[in-house]
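Inside the fold
Read off the chains here:
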Amino acid sequence: MRYRIITLLIAMTSTLAIQAQQEKKLIREGNKLYKEGKFSDAEVSYQKATDLNPVSDKATYNLGNARYQQQNFEEATSQFKQAAEMTKNTSIESKALYNTGNSLMSQEKWEESIPYFKQALRLNPDDAEARYNLAYAQWKLRQQ
């Protein structure tokens, strides 16, 4: 009985390690395609990585970036929100919140974008782009 349990634990550990390696490989592949400007191909790689590991903050964040570059702002917004919620890395969270704000601004949702820029600035007060975009969104909101 002990040997079965040990064998089962070894098999489970091996499977998880293989999935982690595949996920990282898919993210690297997606990053390469993204740098080449092949955003839809990068999206496919990132989607496969998130299919392998649905709680991968990097794959989810990168999937949002690929969708944003293809002007698929609604889905990009969803990916960025998800990445911000799931990550424990404040740098990724700040970037995801900032990009959520940008995605919303691209949809001319000025009022909705403002809290995301504010949250990004709370995490990274030195982010000049977030500060600028916050001011711009507030200005556009006043223009309406």
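To be clear, the structure that these remarks concern was listed above.
Residues numbered from 1 in each chain as written. Predicted model: local features only at pLDDT ≥ 70, side-chain atom pairs only at ≥ 80, totals over all residues. Heavy atoms only, no water.

What to know about helix α5 (residues 90–106)
Here is the rule we go by: Only DSSP runs of H or I reaching four residues or more are called helices, and only runs of E reaching two or more are called strands; each is numbered from the N terminus. In this scheme, a helix's expected span is set at 1.5 Å multiplied by one less than its residue total. Remark: exposure states derive from per-residue accessible area (1.4 Å probe, protein chains only) relative to the maximum for the residue type, with buried under 20%, exposed over 50%, and partly exposed in between. Between two residues, a contact is recorded if the distance between any of their heavy atoms is within 4.5 Å.
The terminal C-alpha atoms of α5 lie 24 Å apart, and with 17 residues this matches the ideal 24 Å at 1.5 Å per residue to within 8%. Burial analysis of α5 places 12 of its 17 residues in the buried class, the great majority of the element. All buried positions along α5 are accounted for by Ile92, Ser94, Ala96, Leu97, Tyr98, Asn99, Thr100, Gly101, Asn102, Ser103, Leu104 and Met105. Buried residues belonging to α5 abut α3 (57–69), α4 (73–86), α6 (110–123) and α7 (128–143). In the stretch just after α5, Glu108 is the one whose phi turns positive, near 60 degrees.

What to know about the side chain of Ser56
By secondary structure assignment, the location of Ser56 is in the loop between α2 (39–52) and α3. In this view, Ser56 contacts Glu23, Ile27 and Met86; residues no more than four positions away in its chain are not counted.

Considering the nonpolar core
Applied cut-off: As used here, the term nonpolar core means buried Ala, Val, Leu, Ile, Met, Phe, Trp, Tyr and Cys residues forming a set that is joined through side-chain atoms within 4.5 Å.
Within the largest apolar cluster, 20 residues are counted, with the highest numbers of intra-cluster contacts made by Tyr61 and Phe117. Every element with two or more residues in this core is listed here: α4, α5, α6 and α7. In contact with Tyr61, other than residues within four places in its own chain, are Phe80, Ala83, Ile92, Lys95, Ala96 and Asn99. Of all hydrophobic cores here, the second largest spans 9 residues; its members include Leu33, Tyr46, Leu63 and Ala66.

Considerations on α2
Stated precisely, the cut-off is as follows: For this quantity, the arc is that covered by the directions from the helix axis to the C-beta atoms.
For α2, with 14 residues, the first-to-last C-alpha span of 20 Å sits near the 20 Å given by 1.5 Å per residue. Within the sequence span of α2, burial applies to Ala42, Glu43, Ser45, Tyr46, Ala49 and Thr50. Considered in projection along α2, the buried side chains sweep an arc of 165 degrees and stay on one side of the axis.

What to know about a positive patch on the surface
Put simply, the rule is: Residues forming no salt bridge and having over 30% relative accessible area are the ones grouped into patches, like charges within 9 Å of each other and nonpolar side chains (Val, Leu, Ile, Met, Phe, Trp, Tyr) within 5 Å. Here the accessible surface of atoms and residues is derived via Shrake-Rupley with a 1.4 Å probe, and residues count as covered only by protein chains that are part of the display. In the sections that follow, a salt bridge refers to a side-chain nitrogen of Lys or Arg positioned within 4 Å of a carboxyl oxygen of Asp or Glu. Counting rule applied: Lys, Arg positive; Asp, Glu negative; His and chain ends not counted. Every charge is mapped onto a representative atom, which is NZ of Lys, CZ of Arg, CG of Asp or CD of Glu.
A surface patch of positive charge is lined by Lys24, Lys25, Arg28 and Lys58. Tallying contributions element by element places helix α1 (residues 2–35) first for the positive patch, with 3 residues. Within the secondary structure, Lys24 sits in helix α1.

Examining the packing of aromatic side chains
Under the convention used in this document: Only rings of Phe, Tyr and Trp enter the pairing, Trp through its six-membered ring, and a pair is recorded when the two centres are within 6.5 Å. The plane angle decides the type: under 30 degrees is stacked, over 60 is edge-to-face, the rest tilted.
Counted by the stated rule, this structure contains 7 aromatic pairs. Judged by centre distance (5.8 Å) and plane angle (55 degrees), the ring pair of Tyr61 and Phe80 falls under tilted. Taken as a pair, Tyr61 in helix α3 and Phe80 in helix α4 lie far apart in primary sequence, 19 residues in all. For Phe80, a relative accessible area of 1% gives the class buried. When the centroid spacing of 5.9 Å and the interplanar angle of 35 degrees are considered together, the rings of Tyr136 and Trp139 count as tilted. One end of the pair is Tyr136 and the other is Trp139, both in helix α7 and 3 residues apart, which spans about a single turn. Taking relative accessible area as the criterion, Trp139 reaches 39% and is therefore assigned partly exposed.

Things to note about the packing of α4 against α5
Condition: Lines fitted to C-alpha atoms define the axes, with helix axes restricted to the stretch in contact, and inter-axis angles between N-to-C directions lie between 0 and 180 degrees. An angle below 35 degrees is read as roughly parallel, one above 145 as roughly antiparallel, one from 65 to 115 as roughly perpendicular, and any other as oblique. Crossing handedness is read from the near helix: turned anticlockwise from the far helix by less than a right angle, it gives a left-handed crossing, and turned clockwise, a right-handed one. The nonpolar class holds Ala, Val, Leu, Ile, Met, Phe, Trp, Tyr, Cys and Pro. Asp, Glu, Lys and Arg form the charged class, and all remaining residues, Gly among them, are polar.
The contact between α4 and α5 brings their axes to 8 Å, and the two run at 160 degrees. Between α4 and α5, the angle falls in the class roughly antiparallel. The chirality of how α4 crosses α5 is left-handed. Facing α4, whose interface residues are Phe73, Ala76, Thr77, Phe80, Lys81, Ala83 and Ala84, α5 presents Glu93, Ala96, Leu97, Asn99, Thr100, Ser103, Leu104 and Ser106. Here the contact of α4 with α5 is composed, by residue class, of 8 nonpolar, 5 polar and 2 charged.

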